[in-house]
Amino acid sequence: MSMKVVPTAAVLGAEIAGVDLSRALDDPTFAAIERAYNEYGVIFFRGQSITPAQQVAFTRRFGEIEFNIFGERWSVQGNPEIVVLSNVTEGGRPTGVRRAGERWHSDMCYTARPPRGTVLYAIEVPELHGLSLGDTEFASAAAAWDALPDAMKRALEGRRAVFDFRGRKRALTPTQEEIDRNPPVRHPIVRTHPSTGRKCLYVMRDDCTGIEGMEPDEAEALIAALADHIVKPAFVYRHQWRPGDVLMWDNCTVQHRAIQDYDMPQRRLMHRTTMGGAVPA
Ligand code: OGA
Ligand code: MN
């Protein structure tokens, strides 16, 4: 069976059919996957069955692996590259990161080199009466940029925002050492995708704590207005997970949030890998 790209009905996202990620991909197939990833912002493969090592190998095709603070607490034994996301506790101890990313965000935007993207492999998906719970929503910050009036675009271009690790309430409380390791950084609020050249907004609540050269009140209002603009329903794709899904998003053009509408005994288990990125431009 050959590979097929099937776009969703939304402004972002596509399913990639006809690919088995447990096998080594030949170069033309990988190149086609990477093109679809850059173009659609979110791509997913259904019905996969992969080991942690295979997930790491696939992620590595896109470049270096990035590590994050969750992985230091919950990774797969023998595979420190894989972070476990789960609401399951065993013997009173959490087995993974629980309630990660419930508010709209872009991963690790508080770092100088935010990741290129993130890969989630769904192993257990919560469900009720045969319907899946624990969806993830994705918003196209590129479509949101395109929709802005020209005068607004001109006013935003060249501006930079402050991204502060301390701005967001996290699934776990960071240590002082982690706070010290992540001093505030500045990124352009209009980014250009390194592969496609497409422009997108790079602004979110919580992490963005100010805009250079702007009064705090004015900056706060602008950040809130842009953040709300990006996540309008017209720019959103909502992914309903099935066990065996491998889904990846582009951290430059896409924001995401987890829908927390389930609880034990409904179990959710995902393996997450993160791709290294570059300084935003
Ligand atoms: C993440 C994240 C969302 C989810 O892993 O970065 O935000 O639905 N996950 O698990
Ligand atoms: Mn996230």
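Above this note sits the structure.
Summarised in this report is the structure supplied together with it. (Residues numbered from 1 in each chain as written. Chains lettered and ligands numbered in written order. Predicted model: local features only at pLDDT ≥ 70, side-chain atom pairs only at ≥ 80, totals over all residues. Heavy atoms only, no water.)

## Some points on the sheet that holds strand E17 (residues 208-211)
Stated precisely, the cut-off is as follows: Two strands pair if DSSP finds at least two bridges between them. In this text, helices come from DSSP runs of H or I with a minimum length of four residues, and strands from runs of E with a minimum of two, each type numbered from the N-terminal end. To get an axis, a line is fitted to the C-alpha atoms, and for a helix only the part in contact is used. The angle between two axes follows their N-to-C directions and goes from 0 to 180 degrees.
With antiparallel pairing, the three strands of this open sheet are ordered in space as E14-E13-E17. At either margin of the open sheet sits one strand with a lone partner, and together these are strand E14 (185-188) and E17. For this sheet, the mean inter-axis angle between neighbouring strands, taken without regard to orientation, is 35 degrees. Note: strand E13 (residues 160-163) against E14, four bridges, orientation antiparallel. Looking across to E14, one finds that Ala161 is bridged to His187.

## Some remarks on the sheet that holds strand E20 (residues 254-258)
What the three strands build is an open sheet, ordered E18-E12-E20; its pairing is antiparallel. Two strands bound the open sheet, and with one partner strand each, they are strand E18 (236-239) and E20. Averaged over all neighbouring strand pairs, the angle between strand axes comes to 20 degrees, with direction disregarded. For strand E12 (residues 136-140) and E18, the ladder comprises four bridges, and the chain directions are antiparallel. Residue pairing across strands places Phe138 opposite Tyr237, the latter belonging to E18.

## Quick word on the coordination of the manganese ion (ligand 2)
Let me state the cut-off plainly: Any N, O or S atom lying within 2.8 Å of the metal counts as a donor, with the limit raised to 3.2 Å for Na, K and Ca; because water is left out of the atom set, some sites can appear incomplete. Any residue under 20% of the maximum accessible area for its type is buried, any over 50% is exposed, and the rest in between are partly exposed; the area is computed with a 1.4 Å probe on protein chains only.
In the first shell of the manganese ion (ligand 2), the protein supplies His105 (NE2), Asp107 (OD) and His256 (NE2), at 2.1 to 2.2 Å from the metal. In the primary sequence, the donor residues of the manganese ion (ligand 2) line up as H-x1-D-x148-H. The residues His105 and Asp107 share a single accessibility class, namely buried.

## Quick notes on the pairing of strand E6 (residues 79-86)
Most of E6 is tucked away, with seven of its eight residues classed as buried. As defined by bridge partners, strand E5 (residues 75-76) adjoins E6 across two bridges and the pair is classed as antiparallel. Bridge pairing in E6 places Ser75 opposite Val83. The antiparallel pairing of E5 with E6 creates a hairpin that spans two residues between the two strands, and Gly78 there sits at a positive phi of about 85 degrees. Where E6 lies against strand E21 (residues 269-275), four bridges are found, and the strand directions are antiparallel. Looking across to E21, one finds that Val83 is bridged to Arg272.

## Notes on the site of ligand 1
We apply this condition: By convention in this text, a residue qualifies as near a molecule or strand provided that one of its non-hydrogen atoms is within 4 Å of it. Between N or O atoms, a polar contact is any pair within 3.5 Å; within protein, one atom must be a potential hydrogen donor and the other a potential acceptor, and residues adjacent in sequence are included only when both atoms are from side chains. In short, Shrake-Rupley with a 1.4 Å probe defines the accessible areas, and a residue's cover is counted only from the protein chains shown. Only protein atoms enter the calculation, which uses a 1 Å grid: trapped sets of points that fit a 1.4 Å probe without letting it out are cavities, open sets showing protein on both sides within 12 Å along at least five of seven lines are pockets, and any residue with an atom within 4 Å of a point is a lining residue. A molecule is said to be in a cavity or pocket once over half of its atoms fall within 2 Å of that pocket's grid points. Residues are sorted three ways: Asp, Glu, Lys and Arg are charged, Ala, Val, Leu, Ile, Met, Phe, Trp, Tyr, Cys and Pro are nonpolar, and all the rest, Gly among them, are polar.
Leu85, His105, Asp107, Leu120, Thr136, Trp249, His256, Ala258, Arg268 and Arg272 make up every residue found near ligand 1. Contacts to ligand 1 include Asp107, whose side-chain N or O atom sits 3.1 Å from an oxygen atom. Separating an oxygen atom of ligand 1 from a side-chain N or O atom of Arg272 is a distance of 2.7 Å. Compared with its free state, where it exposes 290 Å², ligand 1 has 97% of that area covered by protein. Its atoms largely coinciding with the cavity grid, ligand 1 occupies the largest pocket. Looking at the shell around ligand 1 residue by residue, the class counts come to four nonpolar, three polar and three charged.

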